[in-house]
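Commentary on secondary and tertiary structure
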Amino acid sequence: MRAIRADKDAQLRLLDLQNVDTTLAQLDHRRQTLSQHAAIARLRTQRAALASNLVAADTAISDLEVEQAKAETDLEPVQERLNRNQARIANGTVADAKALSSMLEEVSHLKKRISDLEDAELEVMEQLEAAVANRETLRARISQVDDDLIDTIAERDRQLAALADEMARLRTERAELTTLIPDDLLALYGKIGASHGGVGAAELRQRRCTGCQLEINAADLRVFSAAAEDEVLRCEECGRILIRTSQSGL
Ligand SMILES: [Zn+2]
């Protein structure tokens, strides 16, 4: 492996760059996993279900309205016939006792028929009343879900904007840091990071690689202690660039 050299400050800037990149990755993860994303999806699913129920409720209401109108239409001719018969009985125009008896029987039959039709109509009206109440409930719930959606979307956008600002600030900082790091070291950092979860460089801290968290063995420690300041070290365990600091314990 071709040895890379970089002065101490440049190596420390690489550690700063790693911190910036780690923070950027965390912010990007937060951006994608905001709780509002799931909440908005849940609310939209709820709203679609409620809208579909509302269509069903509208259909039920118009069906019941048709049924009620029909019940009233059915009632009219029976009621008219009853009125006519009762008028004839009252004004004494039915002279024949047999005809009168037959008419009285019909009146009784018509009254029963009217009572049955009125019961049926009443039942339809009760169903209609319940269907209208159900539609009102659905409309109120849809309105509530719409309000919740507006609030949640606003909160999501507020958080996304704050994250975007923070990420833009870090990208500027990143661009400045990269000008302080030699290209070959930067390229190596990028290559290792791509295959090591975005962590290409790690601090050697208390004789431990903070990239893989493993302790450096005694032989490697001796090599690291003897290495020149501008020599770029690599962790023997994870392969990451190891940066020496005052905390390295060498
Ligand atoms: Zn390591």
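Reading the values: the criteria
- Residues numbered from 1 in each chain as written.
- Predicted model: local features only at pLDDT ≥ 70, side-chain atom pairs only at ≥ 80, totals over all residues.
- Heavy atoms only, no water.
- Donors = N, O, S within 2.8 Å, 3.2 Å for Na, K, Ca; no water.
- Tetrahedral: all angles 85-135°; square planar, octahedral: opposite > 155°, others 65-115°.
- Buried < 20%, exposed > 50% of the residue type's maximum accessible area, 1.4 Å probe, protein only.
- Salt bridge = Lys/Arg side-chain N within 4 Å of Asp/Glu carboxyl O.
- Helix = DSSP H or I, 4+ residues; strand = E, 2+ residues; numbered from the N terminus.
- Contact = heavy atoms within 4.5 Å.
- Polar contact = N/O pair within 3.5 Å; in protein donor to acceptor, adjacent residues only side chain to side chain.
- Axes fitted to C-alpha atoms, helices over the stretch in contact; angles between N-to-C directions.
- Parallel < 35°, antiparallel > 145°, perpendicular 65-115°, else oblique.
- Left-handed = near helix turned anticlockwise from the far one by under 90°.
- Nonpolar A, V, L, I, M, F, W, Y, C, P; charged D, E, K, R; others polar.
- Pairing = 2+ DSSP bridges.
- Core = buried A, V, L, I, M, F, W, Y, C linked by side-chain atoms within 4.5 Å.

Focus: the coordination of the zinc ion
The zinc ion binds to the protein through Cys209 (SG), Cys212 (SG), Cys235 (SG) and Cys238 (SG); the donor distances cover 2.2 to 2.4 Å. Viewed at the metal, the four donor atoms of the zinc ion are separated by angles of 104 to 118 degrees, and the geometry they form is tetrahedral. Donor residues for the zinc ion, ordered by position in the chain, follow C-x2-C-x22-C-x2-C. By the burial criterion, Cys235 is buried, and Cys238 matches it.

Focus on the pattern of salt bridges
Within this structure, the stated rule accounts for 16 salt bridges. For Arg5, the salt bridge goes to Asp230, with nearest N and O atoms at 2.7 Å. Residue Arg5 is located in the segment before helix H1 (8-32), and its partner Asp230 is located in the loop between helix H5 (218-226) and strand E3 (233-234); the two are separated by 225 residues in the primary sequence. Given a relative accessible area of 47%, Arg5 falls into the partly exposed group.

Observations concerning the environment of Arg174
Relative to the helices and strands, Arg174 resides in helix H3 (residues 97-178). Of the residues examined, Arg174 reaches a relative accessible area of 28% and is grouped as partly exposed. For Arg174, the residues in contact, after removing those within four places along its chain, are Leu17, Val20, Asp21, Leu24 and Tyr189. A polar contact is formed between the side chain of Arg174 and the side chain of Asp21, at a distance of 2.6 Å.

Side note on the packing of helix H2 (residues 35-90) against H3
In contact at an axis separation of 6 Å, H2 and H3 are set at 165 degrees when each is read in the N-to-C sense. Put simply, H2 runs roughly antiparallel to H3. For the crossing formed where H2 meets H3, the hand is left-handed. Looking at side-chain class alone, the contact of H2 with H3 contains 31 nonpolar, twelve polar and 21 charged residues.

Focus on the sheet that holds strand E2 (residues 208-209)
Pairing is mixed in the open sheet, where four strands are placed in the order E2-E1-E4-E3. The open sheet is flanked by E2 and E3, the only strands paired with a single partner. Two strands pair when backbone bridges link them, and E3 and strand E4 (residues 241-244) are joined in this way by two bridges, in the antiparallel orientation. Bridge pairing in E4 links Arg234 to Ile241.

Remarks on the pairing of E4
Along E4, one buried face is formed by Ile241 and Ile243 and the opposite face, lined by Leu242 and Arg244, is buried too. Where strand E1 (residues 201-205) lies against E4, four bridges are found, and the strand directions are parallel. The partner of Ala202 across the bridge, within E4, is Leu242. Counted along the chain from E3 to the antiparallel partner E4, the turn is six residues long, and its residue Gly239 has a positive phi close to 85 degrees.

Re unusual backbone geometry
Here the phi dihedral of Gln206 falls at roughly 50 degrees; this positive angle occurs in a residue that is not glycine. Along the chain, Gln206 falls in the loop between E1 and E2. Unusually for a residue other than glycine, Gln213 sits at a positive phi of about 70 degrees. With respect to the helices and strands, Gln213 occurs in the loop between E2 and H5.

With respect to the nonpolar core
Judged by nonpolar contacts, the single largest core of 23 residues is most densely connected at Leu14, Leu185 and Ile241. It is H1 that contributes the most residues to this core, seven residues altogether. Leave out the neighbours within four places in its chain, and Leu14 touches Ile181, Leu185, Tyr189, Ala201, Ile241 and Ile243. Counting eleven residues, the second largest nonpolar core, distinct from the first, contains Ala202, Ala227, Leu233 and Cys235.

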